[in-house]
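# Survey of secondary and tertiary structure
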Amino acid sequence: MDFSKGVLFDPGYSKYTLPFSSNIDAAYNMLFTIKSPHQRKFKFQMLYPQLLKLLEHTVSFYLGCLLWASFISNNFADNPKGILENSYIGKTVKEDEMLFEVNYAISYIEKLKKDCKYYLGKNCNIPENWSKVLSVYKDFLTLNEFLINAKTTADLKLPSSLIKPSQEDLNAILAIIESVVSSGNLPELFNAQKFIL
């Protein structure tokens, strides 16, 4: 990546994002059209891998945002860069709207655990760290007032729960981000999670 003119607000993740809440709502609306409890359980069993994949994709996107913020904040600590293409600059935003998707994902993890028990009769295999990623990302958004004042890398505030990466770790984070932006496989970002969480 070329940082000579500044750093991009989005390193390239957004083209791979999926609307989380609307996709989950659509899946459940379809599920609830089925009247028979037996058929509904069978349908949930078929839907479950897709629901889990959608959740994984969403959590990895939020992790990617934390990784990028950590990278640009720490890598340019001594020489701050302008943040390019931040469409939130100077905007008036509503907190509930800005937190809607992440709050939805946080509560959906609990709902999915209950639904696994109910429909599948077992615990679902949701990694423990997913809830932590969502919680830290929510902290990041509120701490930065939804990025409406983030004009330079020096304006970013990182939650205290994030580890300060070494320069070697920062290089590794950037390499993984570049790979993911190229491949579109957002869950690969979990390979860099150990550097910040």
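This text gives an overview of the structure that appears in the document. Since we're looking at a predicted model, the values are computed, not measured. (Residues numbered from 1 in each chain as written. Predicted model: local features only at pLDDT ≥ 70, side-chain atom pairs only at ≥ 80, totals over all residues. Heavy atoms only, no water.)

Here we take up the overall build of the chain. Along the backbone of the chain there are six helices and two strands. Traced from its N-terminal end to its C-terminal end, the chain shows the element sequence β-α-α-β-α-α-α-α. With respect to the three principal axes, the spread of C-alpha positions in the chain is 60 × 35 × 30 Å. Across the 197 residues of the chain, 44% fall into the buried class. A separation of at least 24 residues holds for 80% of the contacts in the chain among residues at least 6 apart in sequence. (Helix = DSSP H or I, 4+ residues; strand = E, 2+ residues; numbered from the N terminus. Buried < 20%, exposed > 50% of the residue type's maximum accessible area, 1.4 Å probe, protein only. Contact = heavy atoms within 4.5 Å.)

Let us now look at the pattern of salt bridges. Counting across every chain of the model gives two salt bridges. Salt-bridge contacts for K113 lead to E110; the nearest nitrogen and oxygen are separated by 3.7 Å. Placement of the pair is K113 and E110 together in helix α4 (residues 100–120), with a separation of three residues, close to one helical turn. Notably, a salt bridge pairs D115 with K111, separated by 3.2 Å at the nearest N-O pair. Pair noted here: D115 and K111 are both in helix α4, with a separation of four residues, about one helical turn. (Salt bridge = Lys/Arg side-chain N within 4 Å of Asp/Glu carboxyl O.)

This paragraph deals with helix α5 (residues 129–143). Its 15 residues place the ends of α5 21 Å apart at the C-alpha level, agreeing with the 21 Å of an ideal helix rising 1.5 Å per residue. Lining the buried residues of α5 we find α2 (37–75), α3 (95–98) and α4. At the exit of α5 stands E145, carrying a positive phi of roughly 50 degrees. (Expected span 1.5 Å × (residues − 1).)

One pass over the structure, following the stated rule, counts zero disulfides. For C124, which is in no disulfide, the shortest distance to another cysteine sulfur is to C116 and amounts to 3.1 Å. By relative accessible area, C124 is classed as buried at 13%. (Disulfide = S-S within 2.5 Å.)

Its location among the elements puts H57 in helix α2. Taking the relative accessible area as the measure of exposure, H57 reaches 13% and is therefore buried. Among the polar contacts made by the side chain of H57, one reaches the main-chain carbonyl oxygen of Y16 at a distance of 2.6 Å. Ignoring any residue separated from it by four or fewer positions in sequence, one finds H57 in contact with Y16, T17, L18 and L186. (Polar contact = N/O pair within 3.5 Å; in protein donor to acceptor, adjacent residues only side chain to side chain.)

Its 39 residues place the ends of α2 54 Å apart at the C-alpha level, agreeing with the 57 Å of an ideal helix rising 1.5 Å per residue. The largest bend in α2 amounts to roughly 40 degrees and is located at L47, with the proline P49 lying one to four residues further along. (Bend = angle between axes of the 7 residues up to and from the residue.)

Let's shift gears to unusual backbone geometry. Most peptide bonds adopt trans geometry, and most residues besides glycine take a negative phi value. Even without glycine at this site, E145 takes up a positive phi of about 50 degrees. Positive phi, normally seen in glycine, also occurs at F146, with a value near 60 degrees.

In this fold, L63 is placed in helix α2. Under the relative-accessibility criterion, L63 is labelled buried at 0%. Separated by 70 residues in the primary sequence, L63 and V133 have C-alpha atoms spaced 6.0 Å apart. Apart from residues lying up to four places away in sequence, L63 is in contact with V133, L189, F190, Q193, I196 and L197.

Interpretation note: all reported values are geometric properties and have no functional meaning in isolation.
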